[in-house]
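Understanding the architecture of this molecule
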Amino acid sequence: DAKTTQPNSMESNEEEPVHLPCNHSTISGTDYIHWYRQLPSQGPEYVIHGLTSNVNNRMASLAIAEDRKSSTLILHRATLRDAAVYYCILSENSGGSNYKLTFGKGTLLTVNP
Amino acid sequence: KAGVTQTPRYLIKTRGQQVTLSCSPISGHRSVSWYQQTPGQGLQFLFEYFSETQRNKGNFPGRFSGRQFSNSRSEMNVSTLELGDSALYLCASSRADRGYGYTFGSGTRLTVV
């Protein structure tokens, strides 16, 4: 299984940008990079995903390195509701259109008021 | 639009019994995946179904099985329950195209006593 490496925890202040890094040096050319977050007592929530180009949506931005061996999830203005465990995941191509998500330990983001 | 619905939300079973968990995906989503989440192992992939066929399987014993019906609803069964099967079981649905993310349900909390 392709692996991702994330810091165990990060801290941010409310209203400030947050950059959550992820290393995925063994990524293959067809693997998508996904980010999910999980609040306590809830299932993971989709945040964003991309293949090669940087991506933006209403929740966040995803910056992907040119060699695709790393990526950064950017929360432009952190709020207290953004406090969660953030997972960086590769959707591995296991044949044809089949793929699965392999979760790591994730990064626990703490947002200070 | 309704989200992914998992039933029941909580379940207590005795060691040796069997259990069946249910998942109703988002309308139009044809792929359903199951994950087990424990404090020690984190989120682990169990299996994925698409059009009533299992496409991917994680590293779990044969006591864990699943199926998908023609309306994409899925069930997961665990036979001969062990104490270590106590976990949050999460279901996620997707359009099944690799360019789309997963939507997770809130999970079923299974406690084996």
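Shown above is the structure to which this text applies.
Residues numbered from 1 in each chain as written. Chains lettered and ligands numbered in written order. Predicted model: local features only at pLDDT ≥ 70, side-chain atom pairs only at ≥ 80, totals over all residues. Heavy atoms only, no water.

Our focus in this paragraph is unusual backbone geometry. Cis geometry marks the peptide bond from T7(B) to P8(B); its omega dihedral reads -10°. With respect to the helices and strands, P8(B) occurs in the loop between β1 (5-7) and β2 (10-13). One non-glycine residue with positive phi stands out, namely E15(A), at about 75°. Within the fold, E15(A) resides in the loop between β1 (9-13) and β2 (18-23). When its relative accessible area of 43% is taken as the criterion, E15(A) is described as partly exposed. For E52(B), which is not glycine, the phi torsion reads 70° and is therefore positive. Mapped onto the secondary structure, E52(B) falls in the loop between β5 (42-50) and β6 (53-57). (Helix = DSSP H or I, 4+ residues; strand = E, 2+ residues; numbered from the N terminus. Buried < 20%, exposed > 50% of the residue type's maximum accessible area, 1.4 Å probe, protein only.)

Below, the discussion takes up the sheet that holds strand β7 (residues 64-68) of chain B. Residue and element names in this part refer to chain B. Taken together, the four strands give an open sheet; going across it, the order is β1-β3-β8-β7, and neighbouring strands pair in antiparallel fashion. Both outer strands of the open sheet, β1 and β7, are each paired with one neighbouring strand and no more. The average angle at which neighbouring strand axes cross in this sheet is 20°, direction not considered. Here β1 pairs with strand β3 (residues 19-24) via three bridges, running antiparallel. Looking at β3, one finds that T7 is bridged to S22. (Pairing = 2+ DSSP bridges. Axes fitted to C-alpha atoms, helices over the stretch in contact; angles between N-to-C directions.)

By themselves, these figures tell us nothing about what the structure is for.
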